[in-house]
Amino acid sequence: MEPIVVGLLGITHPHASARVRALREIEGVEVVAAADDDPRLTYFTDKYDVEARDIEDVLQDERINAIMVHSKSKDMVPHALRALAAGKSVVVEKPGGGTVDDLVQLAEAEAQAAPGLVVQVGYNVRLAQSITEAKGLIEAGVIGDVVSVSARGAALVGEHLTAHLNQPADMGGALWIIGCHMLDSLVSIFGTPESVNARVRKSAKLSDESSREDSAAVLLNYPDMSATFSFDGHDNLEWFESSRISVYGTAGMLEIGVLPQKLRVYVNEDRAGWRAGWTEWTQSHFTPPFARTESNKFSELPELENISNFHPEMRGWVESIRTGAPVVAPVADALAVARIVEACYRSEKEQGALVEVEPA
C-alpha cells in the first residue's frame, strides 16, 4: 500500500481541518505540513499537529506526494499548478478557483500533468449517501424516465456578509461559493445542461451593496427534461438543512435531503425490490451541526462537527492516487459548474434570457 504524505497550501478555507481529520482515519496516510502567509497558520499547525513551513519547503519535500489547496479562490489554481509541476497529486477546494478561466487553466494543467498524478476538486456534497444512492436508482430506471427536477440550496443567514463570500477576484458571491455545491450535485447526476435561464437578485430589505447576490432562480435546460434550482442567501436553518433535490419520473419520484441525509422513494407499483408507495431512509434526526460552536460558524478556521461527506471524498482521493480509480469529483465537472454559474450571471444581465452553457 503506497504511503500518502500530504501537505497543505493555504489553511484559511473552512474545510481545511475537516479534511485533515478525515485523512488521518485512512491507513497509510500522513498529514505533515502546512504553508500560508496568514498569521493564523501557527494556530492551525499547533492545533492539528502539522509543521508550519513556507510554500517552497512543502513543494520541495520529496516525501510529500499529495497537496491539499485551501487558499483564497484566486490563489487556488496557481497553488495547484505549482504542486503538479512538483510531481504531487492535488485536491483543490471547491469551487476550484475564482472564475471560469481559472477552471479552464486547471483542466489544461490536469491534461498535461505527469502520468499518475490526480487532480480532484473539493465537491463532497455529491458524495452524500442520499445523493449517490438516488443516482443509482435513477440509472437503474427504478422511477422510470426522469421528467423534471426541482432543487434548492441556501447560505446560512449572515454568511452573505463574510469576506469569504465577497472576495473581489471571484466572479460571484453566495451563488458561486455556496450554491455551487447543489449545482455540482445536479451535474453529478444529470450532467451539464445545454442552457440556462436565470434571475440573480439583490433585495434592499435583505442586504446592502457591501455583499453580492441575495437569491437566484435558475432553469437548467436539458434535451429531454428541465430542472429548476432555487437559491437564497438568508436561510435561518443549519447549513444544508433545507437543501434538497426532488426528482420526478414516469413511474415514481425521489426526494433527497442533505442534512440530515434523507432519501424518500416512491414507486407506483412493486419494482426492483421496492414496494409500491413510499419508502424512507433518514441518516439521523439528530445530525451534528455543521460548525461546532456559534462563535466560529463564520470563522475561516471553524472546526466542523459534521464531516460525514469528507470521509468518502478523502477515501476517493487516496484510492485514485493509489490505484488510478476514477476521480470522485473531477475537474471537468467543476468546470461545468463554473460555466453554469457564469451563464446565470449573464442571463440576469439580459433579464432572464436563455444563455447557452459551453459544453465540455
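A brief structural summary. Please read all numbers here as calculations on a predicted model, not as lab measurements.

### What about the overall build of the protein?
Logical step 1: Across its full length, the protein carries 10 helices and 15 strands.
Logical step 2: The globule rule puts the C-alpha radius of gyration for 360 residues at 21 Å, and the 20 Å found for the protein is close to it.
Logical step 3: In terms of overall dimensions, the protein has C-alpha extents of about 60 × 50 × 40 Å along its principal axes.
Logical step 4: Within the protein, the proportion of its 360 residues that are buried is 57%.
Logical step 5: The long-range share in the protein, meaning contacts at least 24 apart out of those at least 6 apart in sequence, stands at 71%.
Logical step 6: Accessible surface for the protein amounts to roughly 15100 Å². Of this, 49% is attributable to carbon and sulfur atoms.

### What to know about the side chain of serine 73
Logical step 1: Tracing the chain through its elements places serine 73 in helix α4 (residues 73-85).
Logical step 2: For serine 73, the contacting residues outside a window of four places in its chain are Gly97, Gly98, Asp102, Gln167, Asp170 and Ile177.

### Considerations on the pattern of salt bridges
Logical step 1: If you walk through the whole model with that rule in mind, you get 20 salt bridges.
Logical step 2: The shortest N-O distance in the salt bridge between arginine 53 and glutamate 51 comes to 3.4 Å.
Logical step 3: A relative accessible area of 18% means that arginine 53 is categorised as buried.
Logical step 4: Note on glutamate 51: relative accessible area 44%, which makes it partly exposed.
Logical step 5: Here aspartate 61 and arginine 53 are joined by a salt bridge, their closest N and O atoms 2.7 Å apart. For the residue pair aspartate 61 and arginine 53, the accessibility class agrees, reading buried in each case.

### As for helix α5 (residues 100-112)
Logical step 1: Between the first and last C-alpha of α5 there are 19 Å, a value that for 13 residues agrees with the 18 Å anticipated at 1.5 Å per step.
Logical step 2: Here α5 has its buried residues at Val100, Asp102, Leu103, Leu106 and Ala109.
Logical step 3: In this fold, the buried residues of α5 make contact with α4, β5 (89-93), β6 (119-122), α7 (174-177) and α10 (331-349).

### Quick notes on the packing of aromatic side chains
Logical step 1: This structure, assessed with the given rule, holds 4 aromatic pairs.
Logical step 2: Taking 6.5 Å as the distance between ring centres and 65° as the angle between the ring planes, the aromatic pair formed by phenylalanine 190 and tyrosine 222 counts as edge-to-face. Taken together, the positions of phenylalanine 190 in helix α8 (residues 180-190) and tyrosine 222 in the loop between β9 (215-221) and β10 (226-235) put the pair 32 residues apart, joining distant regions of the chain. Assigned by exposure class, phenylalanine 190 and tyrosine 222 land together as buried.
Logical step 3: Ring geometry for tyrosine 266 and tryptophan 278: centres 5.4 Å apart, planes at 50°, overall tilted. Of this pair, tyrosine 266 sits in strand β13 (residues 261-267) while tryptophan 278 sits in strand β14 (residues 277-282); the two residues are 12 residues apart in sequence, bridging distant segments of the chain.
Logical step 4: On the accessibility criterion, tyrosine 266 (29% relative accessible area) is partly exposed.
Logical step 5: In this structure, arginine 264 is placed above the aromatic ring of tryptophan 278, and the distance from its NZ or CZ to the ring centre is 3.9 Å.

### Some details on helix α6 (residues 129-139)
Logical step 1: By the burial criterion, the buried members of α6 are Ser130, Ile131, Ala134, Leu137 and Ile138. Buried residues of α6, viewed axially, fall in a sector of 125°; they line one side.
Logical step 2: Tucked inside the fold, the buried residues of α6 contact β7 (146-156), α8, β11 (244-249), β12 (252-258), β13 and β14.
Logical step 3: Downstream of α6 by one or two residues, glycine 141 has phi in the positive range, about 75°.

### Quick notes on a negative patch on the surface
Logical step 1: Where like charges cluster on the molecular surface, the negative patch consists of Asp145, Glu194, Asp224 and Glu356.
Logical step 2: Along the polypeptide, glutamate 194 turns up in the loop between α8 and β8 (195-201).
Logical step 3: You can call glutamate 194 partly exposed: its relative accessible area is 49%.

### A short note on the sheet that holds β12
Logical step 1: The mixed open sheet is built from 9 strands, whose spatial order is β14-β13-β12-β11-β7-β10-β9-β8-β15. Only two strands of the sheet have a single partner each, and these edge strands are β14 and β15 (355-356).
Logical step 2: Here 6 bridges tie β11 to β12, and the two strands are oriented antiparallel to one another. Across the sheet, serine 246 pairs through a bridge with glutamate 255, a residue of β12.
Logical step 3: Sitting on the sheet, α8 is in contact with β7, β9, β10, β11 and β12, with an inclination near 155° to β7.
Logical step 4: Of the strands in this sheet, β8, β9 and β15 touch α10, which is tilted by about 65° from β8.

### Section: the packing of α4 against α5
To describe two helices that pack against each other, one gives the angle between their axes and the distance between the axes.
Logical step 1: Two elements in contact, α4 and α5, have axes separated by 10 Å at closest approach and are oriented at 10°. In terms of orientation, α4 and α5 fall into the roughly parallel class. Two secondary-structure elements touch here, α4 through Ser73, Val77, Ala80, Leu81 and Leu84 and α5 through Asp102, Gln105, Leu106 and Ala109.
Logical step 2: Split by residue class, the contact of α4 with α5 holds 6 nonpolar, 2 polar and 1 charged.

Calculation criteria
Residues numbered from 1 in each chain as written. Predicted model: local features only at pLDDT ≥ 70, side-chain atom pairs only at ≥ 80, totals over all residues. Heavy atoms only, no water. Helix = DSSP H or I, 4+ residues; strand = E, 2+ residues; numbered from the N terminus. Rg over C-alpha atoms; globule rule 2.2 N^0.38 Å. Buried < 20%, exposed > 50% of the residue type's maximum accessible area, 1.4 Å probe, protein only. Contact = heavy atoms within 4.5 Å. Areas by Shrake-Rupley, 256 points an atom, 1.4 Å probe, with all protein chains shown as cover. Salt bridge = Lys/Arg side-chain N within 4 Å of Asp/Glu carboxyl O. Expected span 1.5 Å × (residues − 1). Phe/Tyr/Trp six-rings, centres within 6.5 Å; stacked < 30°, edge-to-face > 60°. Lys NZ or Arg CZ within 6 Å of the ring centre and 35° of its normal. Arc of directions from axis to C-beta. Patch = residues over 30% accessible without salt bridge, like charges linked within 9 Å, V, L, I, M, F, W, Y side chains within 5 Å. Lys, Arg positive; Asp, Glu negative; His and termini not counted. Charge placed at Lys NZ, Arg CZ, Asp CG, Glu CD. Pairing = 2+ DSSP bridges. Axes fitted to C-alpha atoms, helices over the stretch in contact; angles between N-to-C directions. Parallel < 35°, antiparallel > 145°, perpendicular 65-115°, else oblique. Nonpolar A, V, L, I, M, F, W, Y, C, P; charged D, E, K, R; others polar.

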